[in-house]
Amino acid sequence: MEDPIQLKEEGNKYFQARDYEKAVHSYTQAIKLNKDKALQAVLYRNRAACFLKKEEYVKAASDASRAIDINASDIKALYRRSQALEKLGKLDQAFKDAQKCATIEPRNKNFQETLRRLGADIQEKLRIQFSTDLRVQKMFEILLDENSEKEKREKAANNLIVLGREEAGAERIFQNNGVSLLLQLIETKNAELILAAVRTLSGMCTGHKARATAILHYLGIDNICMWMSVDNEEISLAVCNLLQAITDCLLGQGKEEHHGKEEAVVLDTKKDLRMITMRLLDMLVSKKVSGQGRDRALNLLNKNIPRKDLKDHDNSRTIFVIDNGLKKILKVVGQIPEMPDCLPLTENTQLTASVLLNKLYDDLRCDPERDNYRVICEEYIKSKIDPQDMDKTLHAIQMVSGVLQGPFDLGNKLLGMKGIMEMMVALCGSEREIDQLVAVEALIHASTKLSRATFIISNGVTLLKEIYKKTKNEKIKIRALVGLCKLGSAGGTDYGLRQFAEGSTEKLAKQCRKWLCNTSIDARTRKWAVEGLAYLTLDADVKDDFVEDEPALQAMFELAKTSDKTILYSVASALVNCTNSYDTKELIPELVQLAKFSKQHVPEEHPKDKKDFVVKRVKRLLKAGVISALACMVKADSAILTDQSKELIARVFLALCEDPKDRGTIVAQGGGKALIPLAVEGTEVGKIKASHALAKIAAISNPDMAFPGERVYEVVRPLVSLLNTERDGLQNYEALLGLTNFSGRSDKLRMKIVKERALPDIENYMFENHDQLRQAATECMCNLVVNKEVQERFVADGNDRLKLVVLLCGEDDEKVQVAAAGALAMLTAAQKKLCSKMTEVTTQWLEILQRLCLHDNMEVQHRGLVIAFNLISADKELAKKLVESELLEILTYIGKQEDEPKKQHIINVARDCLTRCMDYGLIKPLSQA
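These numbers come from a predicted model, not from an experiment.

Student: Break down the overall build of the protein for me, citing the residues and quoting the values.
Tutor: Helices and strands together make up the secondary structure of the protein, namely 52 helices and zero strands. Expressed along its principal axes, the backbone C-alpha trace of the protein runs to roughly 115 × 75 × 65 Å. Evaluated residue by residue, the protein yields a buried proportion of 53% over its 929 residues. In the protein, of all internal contacts separated by at least 6 residues, the share reaching a separation of at least 24 is 68%. Only carbon and sulfur atoms are counted for the fraction: they give 50% of the accessible area of the protein, which is about 45,000 Å².

Student: If you had to explain helix α51 (residues 887-895) to someone new, which residues and values would you point to?
Tutor: Burial in α51 covers these residues: Leu887, Ile890, Leu891, Ile894 and Gly895. Burial along α51 is one-sided: seen end-on, the buried residues are contained in an arc of 125 degrees. Residues of α51 that are exposed and point over 90 degrees away from its buried face: Glu889 and Tyr893. Where the residues of α51 are buried, they touch α48 (845-853), α49 (858-874), α50 (876-883) and α52 (904-920).

Student: Which residues make up the packing of helix α2 (residues 20-33) against helix α3 (residues 37-53), and what values go with them?
Tutor: Axis angle and axis distance: for two packed helices, these are the angle between their axes and the distance between the axes, and together they describe the pair. Where α2 contacts α3, the two axes come as close as 9 Å, and the packing angle between them is 160 degrees. Relative to α3, the element α2 is oriented roughly antiparallel. You can see that α2 and α3 cross each other, and the crossing is left-handed. In this structure, α2 uses Tyr20, Ala23, Val24, Tyr27, Thr28, Ala30 and Ile31 to contact α3, whose residues at the interface are Gln40, Leu43, Tyr44, Asn46, Arg47, Cys50, Phe51 and Lys53. Taken together, the residues of the contact of α2 with α3 break down into ten nonpolar, three polar and two charged.

Student: Outline the confidence of the model for the protein, listing residues and values.
Tutor: Interpretation of the predicted coordinates at a detailed level should be avoided for regions scoring low in pLDDT. Put simply, the protein has an average pLDDT of 85, and 91% of its residues get 70 or more. Scored below 50 in pLDDT, residues 255-266 shows 14 contacts in the model against residues more than four places distant or in partner chains. Segment residues 491-501: pLDDT under 50, and 31 contacts once partners within four positions in sequence are set aside and those in other chains are kept.

Student: Could you give an account of the pattern of salt bridges, with specific residues and numbers?
Tutor: Side chains that differ in charge, positive against negative, can pair when their charged atoms come close. Applying the stated criterion to the full structure yields 49 salt bridges. Here Asp391 makes a salt bridge to Arg432, at a shortest N to O gap of 2.9 Å. Taken together, the residues Asp391 in helix α20 (residues 390-404) and Arg432 in the loop between α22 (420-428) and α23 (433-446) connect sequence positions 41 residues apart. The exposure class assigned to Asp391 is partly exposed, which follows from its relative accessible area of 30%. Since its relative accessible area comes to 34%, Arg432 is described here as partly exposed. Of the charged contacts, one joins Asp704 and Arg745 as a salt bridge, the two residues approaching to 2.9 Å between their closest N and O atoms. A residue pair is termed long-range when its members are at least 10 positions apart, and Asp704 in helix α38 (residues 703-706) and Arg745 in the loop between α40 (729-743) and α41 (747-755) qualify at 41 residues. The partly exposed category is assigned to Arg745, whose relative accessible area is 39%. Connected via shared salt-bridge partners are Glu21, Lys54, Glu56 and Lys59.

Student: Can you break down the packing of aromatic side chains residue by residue, with the values?
Tutor: Taken as a whole and assessed by the stated rule, the structure comprises four aromatic pairs. Arranged with centres 5.2 Å apart and planes meeting at 50 degrees, the rings of Tyr79 and Phe111 form a pair that is tilted. A residue pair is termed long-range when its members are at least 10 positions apart, and Tyr79 in helix α5 (residues 75-87) and Phe111 in helix α7 (residues 109-144) qualify at 32 residues. Like Tyr79, the residue Phe111 is buried in the burial classification. Here the basic side chain of Lys616 rests over the ring of Phe613, its NZ or CZ set 5.7 Å away from the ring centre.

Student: Quick one: what's the story with the nonpolar core, residue by residue and with numbers?
Tutor: The biggest cluster of nonpolar side chains holds 260 residues, and the ones touching the most others in it are Tyr373, Leu516, Phe707, Phe742 and Ile762. Among the elements that take part in this core, helix α14 (residues 233-251) stands out by supplying ten residues, more than any other. Each residue touching Tyr373, except ones within four places of it in the same chain, is listed here: Ile322, Leu326, Leu357, Leu360, Tyr361, Leu364, Pro407 and Leu410. Judged by nonpolar contacts, the second largest core, of 33 residues, contains Ala30, Ala61, Ile75 and Cys101.

Student: How would you summarise the state of the cysteines if you had to cite specific residues and measurements?
Tutor: Per the counting criterion, the structure on display carries zero disulfides. Looking at Cys50, it has no disulfide partner, and the nearest cysteine sulfur is the one in Cys101, 19 Å off. The thiol sulfur of Cys780 is not disulfide-bonded, and the nearest other cysteine sulfur, from Cys782, lies at 9.7 Å.

Student: Explain helix α18 (residues 349-362) residue by residue, including any values.
Tutor: For α18, spanning 14 residues, the distance from its first C-alpha to its last is 20 Å, which sits close to the expected 20 Å at 1.5 Å a residue. Burial analysis of α18 places eleven of its 14 residues in the buried class, which makes it a mostly covered element. The set of residues buried in α18 consists of Thr349, Gln350, Leu351, Thr352, Ala353, Ser354, Val355, Leu356, Leu357, Leu360 and Tyr361. Here the buried face of α18 lies against α16 (291-304), α17 (316-333), α19 (367-382), α20 and α21 (408-415).

Student: Before we move on, can you summarise unusual backbone geometry with the specific residues and values?
Tutor: Phi at Glu55 is positive, roughly 65 degrees, even though this residue is not glycine. Mapping Glu55 onto the fold places it in the loop between α3 and α4 (57-70). Glu55 gets classed as exposed once you look at its relative accessible area, which sits at 58%. One non-glycine residue, Arg757, lies in positive phi territory at about 60 degrees. Turning to its location among the elements, Arg757 is positioned in the loop between α41 and α42 (759-766).

Student: Could you give me a rundown of the environment of Gln6, with the residues and numbers involved?
Tutor: Structurally, the position occupied by Gln6 is in helix α1 (residues 4-16). A relative accessible area of 55% means that Gln6 is categorised as exposed. Separated by 396 residues in sequence, Gln6 and Gly402 have C-alpha atoms that sit 73 Å apart.

Student: Kindly report on the environment of Met275, identifying the contributing residues and their values.
Tutor: On the secondary structure map, Met275 appears in helix α15 (residues 270-284). On the basis of relative accessibility, which here comes to 27%, the residue Met275 falls in the partly exposed class. Once the C-alpha coordinates of Met275 and Ile221 are considered, the two residues, 54 residues apart in sequence, prove to be 7.8 Å apart. Setting aside residues no more than four positions away along its own chain, Met275 makes contact with Leu216 and Ile221.

Student: Can you lay out the side chain of Arg80 for me, pointing to particular residues and giving the numbers?
Tutor: Tracing the sequence through the fold places Arg80 in helix α5. The side chain of Arg80 sits in the buried core without any salt bridge; Asp74 is the nearest counter-charge, 6.9 Å away. Within the local environment of Arg80, its side chain forms a polar contact with the backbone oxygen of Arg45, the two atoms lying 2.9 Å apart. Residues contacting Arg80, with those up to four places away along its chain left out, are Arg45, Asn46, Ala49 and Leu52.

What counts and what doesn't
Residues numbered from 1 in each chain as written. Predicted model: local features only at pLDDT ≥ 70, side-chain atom pairs only at ≥ 80, totals over all residues. Heavy atoms only, no water. Helix = DSSP H or I, 4+ residues; strand = E, 2+ residues; numbered from the N terminus. Buried < 20%, exposed > 50% of the residue type's maximum accessible area, 1.4 Å probe, protein only. Contact = heavy atoms within 4.5 Å. Areas by Shrake-Rupley, 256 points an atom, 1.4 Å probe, with all protein chains shown as cover. Arc of directions from axis to C-beta. Axes fitted to C-alpha atoms, helices over the stretch in contact; angles between N-to-C directions. Parallel < 35°, antiparallel > 145°, perpendicular 65-115°, else oblique. Left-handed = near helix turned anticlockwise from the far one by under 90°. Nonpolar A, V, L, I, M, F, W, Y, C, P; charged D, E, K, R; others polar. pLDDT = per-residue confidence, 0-100. Salt bridge = Lys/Arg side-chain N within 4 Å of Asp/Glu carboxyl O. Phe/Tyr/Trp six-rings, centres within 6.5 Å; stacked < 30°, edge-to-face > 60°. Lys NZ or Arg CZ within 6 Å of the ring centre and 35° of its normal. Core = buried A, V, L, I, M, F, W, Y, C linked by side-chain atoms within 4.5 Å. Disulfide = S-S within 2.5 Å. Expected span 1.5 Å × (residues − 1). Lys, Arg positive; Asp, Glu negative; His and termini not counted. Polar contact = N/O pair within 3.5 Å; in protein donor to acceptor, adjacent residues only side chain to side chain.

Okay, here's the thing in structure tokens:
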């Protein structure tokens, strides 16, 4: 067993050496072994000193209190607790401890000074608190007075929102009956005041679980849902954000802050979360809720119910929603807008509900859970099928259609239910237009996958052609055409697997473009024309014609910018096809020969899918304004912007960034800004594509222009994510170029790169066999060594960083030499320790330095001479070593050269080296020699 006194001494040594982590460990061990009370007090107060140095003030205060419990007049413990409490903002308690210290040692100037400072701080805090309380009071008076001037009211409302976002302000509003007054503002029915009140409440709830819970209970979830149900987009969105802030706190997400006492309160959040979930599910089927409100409820469920990470085994929230709300979600997807009994919907509601169905299904962990989901769907749909009541049956078919847009495999199983397919066929032949409309849409969604669409291909084409010829209704005509388009494109990009006769797909596409440009047709119907083109553009003839038709392109872009977000996936799919940014399998010639020999089908590339045609199409899209449309699509704050849609948009961006000449245009139209969220969230493939597009922009653009303000710091992480052996060489290279560009801008950016742990990866690429990767990594390091923290890593013992840079200076690759010599020149100028260390890391250092100083490239030569000057300036002994070598001859030869403007900077450094040697008395001027 170790001795507590020895451990205490060991802790003291570590403390003096500033190794606070080890000191804490020693004191903790001693505390566990010690039985002596007096020593225990010393150990606690010593550990408190360590925690103060580590800025862990809660632990410091706790340890000091334990020491004081043993000895109430322990002056060191009292003072340390006072320091910790001051840092925690508990000034009144800190003042009391400092007062006790001053009473025990009245002549101690340190204690007197602390008392004076704390007294002044308390007065200032009270003054601010008092003035904040007055300001809050004044703001509410202005807002609740109906006779106040409009300008005054607006100013008071904005001030209140700002105050609610600050911790101190939010607490003052909360303590001064503010929630009750904010409720009064909401009850005024004045839209501006409601918005101000709700936004203030959002700020007050953010990151404070106890306050968020209290506000939720005071306002009541029923009231919150009622406000969210109003048919006012701004108010509905603001209330949705408030509920999201409350939910984030209850789930323990968002910016969590420590608020002292709150840590001691155990809040059971499950009950509140279930209550919120139940009310949101009730909103889905209530006729009193507006379309906007229903969308908000669906978005909140989409965001908060499925697990964020599938490694987390708890999917109880999803199970709860399936058991209590799956039928309610199905009721929403089964709505038919053209029928009189339809719930209030927006153009996005039903697709958002389908996305929710998909997310819930994906969140299930085992077959029994999936079977339960399927059974609930089947039973609910069966209950709606009634051959005597066609309207009721229509809802059942619409539900199947909705599920097909969500979990497709489940939708496919539902298609196999008895009577569903027959009912769809019967509805196609019905005289009622609404029957045809629903049946055609269901057929379209059922034919998503070629392997599963065989029944549809064999029966559907005939049905759809019949409807297309007979109907006079444009809405049905377009949908029938889209069904034909979808079936016509079932061969994908394979030129040899065309479903229809030569030229048929072009005719279908022409008709789609015609409808797309016809503004007299309603937007919901024109959207179907884009859906058709999303399939038909798999054909290279179609995409070539489409990009030549600028009015059609612009009509599609305008639709993409509207509030109807259901079009996002179709627009993104069409653009992926036009830019050929989908994945293609590389055909191995030997296997192609083998397949032909065995009479197997071999995929064929269309002549217009070759690179020249793709480049032309990209230029046409850029000219037509594709970037502003994509930027608008990325901003969609809706569950409809799924990870798959984000991936498609990222693919398009990467294809558009291919030509460096186009990148300026992309940045100018907001492409850089739009790419950041795509690189942070989405599928793994989507994030990589978006990060690569960002790297292409970052490599050649001025970061201040491409990513203004704080946005530039958000780009660093995506670039660092590409420094990975799983990424290809081009991604590595362009990420390094981007980081080189960034690291040359500011120290704050260099610091961000270091914090993102990019240094080890950059060093690895400096070892690469690939010349360009090695060069890019060395150039990046050359910029990073300006940073103090990076320099300290070179100074630290036990690493070969400096050796690597010295050896790279001796490389044959001139660009690597320039970068490595630049890095070495900056390191030796900034850190004298590195000058002597340089001579120890490799025996070749002198030979390499001489080669640099004699180099034909003036840039390399200049950097070599600067390194020599730094070594000479650092230490007389080092200078002596250099004077005794051949380097003196080299310096003398360069220094004696005639002045020449082109080489003057090189000659001057050589002369400075010689002057410094003369100052040391190592050499004498020629006249004295």
